[in-house]
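Summary of the model geometry
What follows is the residue order along each chain.
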Amino acid sequence: MIVGTRKPLAEIQDLVKKYDRLLLAGCDTCVAECASGGRREVAELAAALQMAFRLAGQEKDIREVSVDRQCVHEFLLDVVEAAQEADAVLSLACGAGVQALAARLPETPVFPALNTLFIGETAQRGLWLENCRGCGNCLLGLTGGICPISRCAKSLLNGPCGGARNGLCEINLALKLEPEVPCAWLQIYDRLTSLGELDRLLEFAAPKDWSTGDASGPRRVVRPDQQA
Amino acid sequence: MSQEITVVLMACRQALPEPSRLAGPLEQAGLKTRVILEPCSSKVEVFQMLRTLATEADLLWVVGCPEAACQLVEGSLRMAKRVAHAQEYLAEIGLEPERLGKTQLAAGNQEAAAAMVHEILERARSLGVNPAKADPLKKE
């Protein structure tokens, strides 16, 4: 899932302050799961903005809509319809959703209410951790399902650095995170040991070809069999 | 003449089986009071808290059971965390976080209930009318 967090309210207010009729559009997939952009959060932000603008002496017409996902154009029909009555749209989707919506509303300003952060998982209630960088060449099969690209601070491919202490990554010394960041390579070692497949680590991983990652401009997937 | 202050209480039915015991003294003190009974205080969501303050309430109070006594195990604990989150949101909005309060009240504890009434009255008097709520005289 894509994880994002709401922008500071003051920043959001500044983005939309000159528009009288606002439509807040939520997305009920990834950003609902991380409690930042679903229909509940749309309702929270709508009430919050209404109050914040009132305190600033402005009365806004703020409406709410949410769709299952904003990154699929066909799902945006409800938002497009509701946006006909708005001067601007504030999207609580991830960056992909905001852009899809903006493409469907070329004559209506569309603003992001979230900062999109990473691809990750719900590690526990209230805690989302990055675990995928979309590098385009997945090597999880070699590392027992633990990604060294995203979960090792240095994205090392052939074992740990010398900085790990007590199973923890050395970035904890500087960042003081809670919970602390484990050394991904120790986790890989432990996982492969429990699987009885530690010999996978005897395979040397060559320097990574990053051209499949985000270093080569906007990527795409084309499937002629899926096209109309 | 000062404006009437509206207090909305969202209360767990187990914690407050007789809402009139709370609403009565508040109304006698001059507060307009609305009690919304919930099956558990965890039914109250953050957006409901904010929406209530945006539309009608000068003061919103959530009443739940003591955490160890919640019949839904975590309900009262979740409510407490949501209230804290909503209070942070209020601070961001520029509104006093104290406009949202909570009490975790054991059913039948008259002393605690009286203390809560006193606290609500004090808070309502010190904060006054909510400048961020909708103006009931303004027509849409």
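Residues numbered from 1 in each chain as written. Chains lettered and ligands numbered in written order. Predicted model: local features only at pLDDT ≥ 70, side-chain atom pairs only at ≥ 80, totals over all residues. Heavy atoms only, no water.

By the naming in an unreviewed UniProt entry, chain B is Hydrogenase iron-sulfur subunit, taken from Desulfobacca acetoxidans.

Chain A goes by Methylene-tetrahydrofolate reductase C-terminal-like domain-containing protein in an unreviewed UniProt entry, where it is assigned to Desulfobacca acetoxidans.

This paragraph deals with the overall build of chain B. Helix and strand counts for chain B come out as four helices and four strands. Reading chain B from its N terminus to its C terminus gives the helix and strand order β-α-β-α-β-α-β-α. If one aligns the C-alpha atoms of chain B with their principal axes, the spans along those axes are about 45 × 30 × 25 Å. Each of the 140 residues in chain B was classed as buried or not, and the buried ones make up 46%. For chain B, long-range pairs separated by at least 24 residues make up 77% of all intrachain contacts whose partners lie at least 6 apart in sequence. For chain B, the exposed area adds up to about 7200 Å²; of that, 51% sits on carbon and sulfur atoms. For chain B, the distance from the average site of its 16 positive side-chain charges to the average site of its 18 negative ones is 4 Å. (Helix = DSSP H or I, 4+ residues; strand = E, 2+ residues; numbered from the N terminus. Buried < 20%, exposed > 50% of the residue type's maximum accessible area, 1.4 Å probe, protein only. Contact = heavy atoms within 4.5 Å. Areas by Shrake-Rupley, 256 points an atom, 1.4 Å probe, with all protein chains shown as cover. Lys, Arg positive; Asp, Glu negative; His and termini not counted. Charge placed at Lys NZ, Arg CZ, Asp CG, Glu CD.)

For the rest of this paragraph, the subject is the nonpolar core. Judged by nonpolar contacts, the single largest core of 41 residues is most densely connected at Leu24(A), Leu45(A), Leu49(A), Met51(A), Leu90(A) and Ile93(B). Contributions of two or more residues to this core are made by helix 1 (9-16), strand 2 (21-27), helix 3 (39-55) and strand 4 (88-91) of chain A together with strand 1 (6-12), helix 2 (46-55), strand 3 (59-64) and helix 3 (75-93) of chain B. Counting 21 residues, the second largest nonpolar core, distinct from the first, contains Leu22(B), Trp61(B), Leu105(B) and Leu121(B). (Core = buried A, V, L, I, M, F, W, Y, C linked by side-chain atoms within 4.5 Å.)

Below, the discussion takes up helix 2 of chain B. Burial of helix 2 of chain B is extensive: seven of the 10 residues sit out of reach of the surface. Looking at the buried residues of helix 2 of chain B, the elements they touch are helix 3 of chain A together with strand 1, strand 3, helix 3 and strand 4 (100-104) of chain B.

With that settled, the discussion passes to the sheet that holds strand 1 of chain B. Residues and elements named next belong to chain B. With respect to topology, four strands assemble into an open sheet ordered 2-1-3-4, the strand pairing being parallel. Two strands lie at the open edges of the sheet, namely strand 2 (32-38) and strand 4, each paired on one side alone. Averaged over neighbouring strand pairs, the angle between their axes works out to 20 degrees when direction is ignored. The pairing of strand 3 with strand 4 spans five bridges and is parallel. (Pairing = 2+ DSSP bridges. Axes fitted to C-alpha atoms, helices over the stretch in contact; angles between N-to-C directions.)

What follows deals with the interface of chain B and chain A. On the chain A side, the residues contacting the 20 residues of chain B number 15 residues. Carbon and sulfur atoms supply 58% of the area that chain B and chain A bury against each other, a total of about 1600 Å² over both sides. The interface formed by chain B and chain A contains four salt bridges. Taking the shortest distance from any N to any O, the salt bridge between Glu92(B) and Arg6(A) comes out at 2.6 Å. Across the chain B-chain A interface, the total number found is eight residue pairs in polar contact (both at pLDDT 80 or more). Residue assignment for the side of chain B that touches chain A shows that the elements contributing at least two residues are helix 2 and helix 3 of chain B. A breakdown of the residues in the side of chain B that touches chain A according to their chemical character gives 12 nonpolar, two polar and six charged. (Buried area = accessible area lost by both parts, 1.4 Å probe. Salt bridge = Lys/Arg side-chain N within 4 Å of Asp/Glu carboxyl O. Polar contact = N/O pair within 3.5 Å; in protein donor to acceptor, adjacent residues only side chain to side chain. Nonpolar A, V, L, I, M, F, W, Y, C, P; charged D, E, K, R; others polar.)

Relative to the helices and strands, Glu74(B) is located in the loop between strand 3 and helix 3. Look at Glu74(B) and you get partly exposed, because its relative accessible area is 30%. Separated by 32 residues in the primary sequence, Glu74(B) and Ser42(B) have C-alpha atoms spaced 8.2 Å apart. One polar contact links Glu74(B) to Arg125(A), side chain to side chain, over a distance of 3.1 Å.

Here the focus is the packing of aromatic side chains. Tallied over the full model, the rule gives one aromatic pair over all chains. Just above the ring of Tyr89(B) sits the side chain of Arg6(A); from NZ or CZ to the centre is 4.2 Å. The positively charged end of Lys208(A) is found above the aromatic ring belonging to Trp210(A), 5.6 Å away from the centroid. (Phe/Tyr/Trp six-rings, centres within 6.5 Å; stacked < 30°, edge-to-face > 60°. Lys NZ or Arg CZ within 6 Å of the ring centre and 35° of its normal.)

Our next topic: the UniProt feature "domain: F420-non-reducing hydrogenase iron-sulfur subunit D" (unreviewed entry) in chain B. On the UniProt side, "domain: F420-non-reducing hydrogenase iron-sulfur subunit D" (unreviewed entry) is annotated at positions that read residues 31-128 of chain B here. Across residues 31-128 of chain B one finds 48% helix and 18% strand; the C-alpha atoms that close the span lie 11 Å apart. (UniProt positions renumbered as here; feature names shortened; annotations may be inferred.)

We now examine the sheet that holds strand 1 (residues 2-6) of chain A. Two pairing modes exist for strands in a sheet, parallel and antiparallel, and in both the strands are linked by backbone hydrogen bonds. Residues and elements named next belong to chain A. The antiparallel open sheet is built from three strands, whose spatial order is 1-6-7. Strands with a single pairing partner mark the edges of an open sheet, and in this sheet they are strand 1 and strand 7 (127-132). Between one strand axis and the next, the sheet turns through 70 degrees on average, direction left out of account. Pairing of strand 1 with strand 6 (residues 114-124) involves five bridges; the strand directions are antiparallel. Looking at the pairing, valine 3 lines up with phenylalanine 118 of strand 6.

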